[in-house]
Amino acid sequence: MRRTTIFAGIAGWWPWWIWAAVVAAVLAVVSCVSVPLLVLRPGSQLSTAEAPYPAPAAASIGVVAQLRATPLILDRRLRVFATKNDVWAEPLTAPDGTDSYWSYHRWPAEVVGVVTFGAADTAPSAVVVKWSDGLLVALHAERGDIAWTTQVQTKDSDEYWGRRTGTHTVYGDETLFSLYSARSGSSPVVISSGDTKVDAFDPISGRQLWSVELPPCHGVDWTGEQVFATILCSDRLHTMHFYEAGTGRPIGAWVPPGVSSSSAPAERSWIRWLTACRTESSECQGFQVGPDETWRIQADGSVTKEPVASSDIDDVIAGDVVVRRTGGQVSGLRRDTGDEIWQIALESRGSAIATSADAVYLLTSANELACLDARTGTVRATVPLPGGTTWKAFSMYATDGFVVIERLKPGAGERQGDSAYYYGSRPVVLVTC
């Protein structure tokens, strides 16, 4: 039977205007369904900047914006975000809900790591993204166009772990993150870690600097200021190994004093926390092992014990100062001797704290962000925060005088859905002081 006969039959049963309405409704449904089908096609979409490059933000004090995701701060010009299939940038001081300055979308590949490199001398700033299919992409931060790409090895754990705000992916989780920044003297290095291979590149040119083969069991990796570090595990003993960031040359190995293959299993499988990091797993000055033991990694791969810093969560390092919180007091101790430099009365709220080379940022019981000079303890500013005290801080990140605070609902647990986990639709606060 021909299609024209079917239509003729329908037209004979229904008035022409009913038939026309049915056809219009069907076409509308088909057109609506076709849109997401186009969006879900595998591929990528790049939207480069059309506006002028934002000028560096001027120094100020106050809340800049409440955001839906956690950003990296780049050159005081941009805030760079990443969620499951998207990386994008916005002007640093733009208001809430601003349009992206540039954006990069891929599907079905997922973002598994992001690092940024600020402009230095004649080298431009860059954003490097690692995707779950092993594609490593560098973007010119000024325009958002692609500078170079290459293929690298992935880890079994390489998938998007950032939930709605991107925190674990943007700032890094030491057991999952596989993309790191480091320095070789003054030159930047981007390092990608896979299941059995580690590759290092110049983030500006894309030139491969070195490649190292590792055994499968090396799930804990990070970078020091000028080294790449990994813990190689075995049934007998876990050993920390160091490689020069610029060349990949092995420069040392380390285990905690007193630990050997004959030690108890719990001692042989020691666990460390990283200290004084740029982000969670990048450019970390040291690590913590066992009770009251903090160690510093030197540029030559040697490891020296910190005289003061302990594994207590209330102790943090800011440049040459160890900042300690105890019972309504905050004090600063000389990192090399432990001598107290300053002490002030300040009731901090929760355990979240952020530091830079010369500043300390913590939350007060009055729901303010207190900004302290790490060298003197002087309170530079206090910034009232939105939302009262009906939230708790999960993470804090600070650089160039800007502080990012991720807020959760009180009692929020990792297994809860995002609506019960995050504080509102814009749970991230960007502050400057």
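These figures come from a predicted structure and were not determined experimentally.

Some points on the nonpolar core
Counting residues in each nonpolar core, the largest one holds 38 residues, and the members touching the most others are Leu78, Val87, Trp102, Val127, Trp131 and Leu430. A total of four residues in this core trace back to one element, the largest contributor, which is strand E4 (residues 78-83). Not counting residues within four places of it along the chain, the set of residues in contact with Val127 comprises Leu74, Val80, Trp102, Val114, Val115, Thr116, Val137, Ala138, Leu139 and Ala141.

Comments concerning the pairing of strand E32 (residues 402-408)
For E32, the tally of buried residues reaches seven of seven residues, placing the bulk of the element in the interior. Burial of the side chains of E32 extends over both faces: Phe402, Val404, Glu406 and Leu408 are buried on one face and Val403, Ile405 and Arg407 on the other. Across seven bridges, strand E31 (residues 392-399) lies against E32 in antiparallel orientation. The residue of E32 that forms the bridge with Thr399 is Phe402. Linking E31 to E32, which pair antiparallel, is a turn of two residues; within it Asp400 sits at a positive phi near 55 degrees. One ladder, built from five bridges, connects E32 with strand E33 (residues 428-432); its direction is antiparallel. Paired with Glu406 across the strands is Val428, a residue of E33.

Details of the sheet that holds strand E27 (residues 348-355)
One open sheet holds the four strands; their spatial order is E27-E28-E29-E30, and the pairing between them is antiparallel. The open sheet has two edge strands with one neighbour each: E27 and strand E30 (379-384). Put simply, the sheet's adjacent strands are angled 20 degrees from each other on average, direction ignored. In this sheet, strand E28 (residues 359-364) lies alongside E27 in antiparallel orientation, the contact comprising four bridges. Within E28, the residue paired with Thr355 across the bridge is Val360.

Examining the packing of aromatic side chains
Applying the stated criterion across every chain yields a total of twelve aromatic pairs. Relative to Tyr101, the ring of Tyr53 lies with its centre 6.3 Å away and its plane at 35 degrees, an arrangement referred to as tilted. With Tyr53 in the loop between strand E1 (43-47) and strand E2 (62-67) and Tyr101 in the loop between strand E5 (86-91) and strand E6 (102-107), the pair connects residues that are 48 residues apart, well separated along the chain. Residue Tyr53 shares its accessibility class with Tyr101, and that shared class is buried.

Here's the deal with the pattern of salt bridges
Side chains that carry opposite charge are capable of pairing whenever their charged atoms lie near each other. Taken as a whole and judged by the stated rule, the model has 17 salt bridges. The partner of Arg334 in a salt bridge is Asp336, and the shortest N-O contact between them spans 2.7 Å. For Asp336, a relative accessible area of 47% gives the class partly exposed. Residue Arg375 pairs with Asp358 through a salt bridge whose shortest N-O separation is 3.9 Å.

Remarks on the environment of Trp391
Looking at the secondary structure, you find Trp391 in the loop between E30 and E31. Considered as a pair, Trp391 and Glu406 are 15 residues apart in the sequence and their alpha carbons are 9.7 Å apart. Residues within four places of Trp391 in sequence aside, it is in contact with Arg349, Leu363, Asn367, Leu385, Pro386, Ile405, Arg407, Leu408, Pro410 and Tyr423. A polar side-chain atom of Trp391 sits 3.3 Å from the main-chain carbonyl oxygen of Pro386. Here the side chain of Trp391 touches Gly388 through a polar contact of 3.1 Å, landing on its backbone oxygen.

Overview of the side chain of Asp373
Within the fold, Asp373 resides in strand E29 (residues 368-373). When its relative accessible area of 12% is taken as the criterion, Asp373 is described as buried. Here the side chain of Asp373 touches Arg375 through a polar contact of 2.8 Å, landing on its backbone nitrogen. Side chain to side chain, Asp373 and Arg380 meet in a polar contact 3.4 Å long. Sequence-distant contacts of Asp373, defined by excluding residues within four places in its chain, comprise Trp342, Asp358, Thr378 and Arg380.

The rules behind each value
- Residues numbered from 1 in each chain as written.
- Predicted model: local features only at pLDDT ≥ 70, side-chain atom pairs only at ≥ 80, totals over all residues.
- Heavy atoms only, no water.
- Core = buried A, V, L, I, M, F, W, Y, C linked by side-chain atoms within 4.5 Å.
- Buried < 20%, exposed > 50% of the residue type's maximum accessible area, 1.4 Å probe, protein only.
- Helix = DSSP H or I, 4+ residues; strand = E, 2+ residues; numbered from the N terminus.
- Contact = heavy atoms within 4.5 Å.
- Pairing = 2+ DSSP bridges.
- Axes fitted to C-alpha atoms, helices over the stretch in contact; angles between N-to-C directions.
- Phe/Tyr/Trp six-rings, centres within 6.5 Å; stacked < 30°, edge-to-face > 60°.
- Salt bridge = Lys/Arg side-chain N within 4 Å of Asp/Glu carboxyl O.
- Polar contact = N/O pair within 3.5 Å; in protein donor to acceptor, adjacent residues only side chain to side chain.

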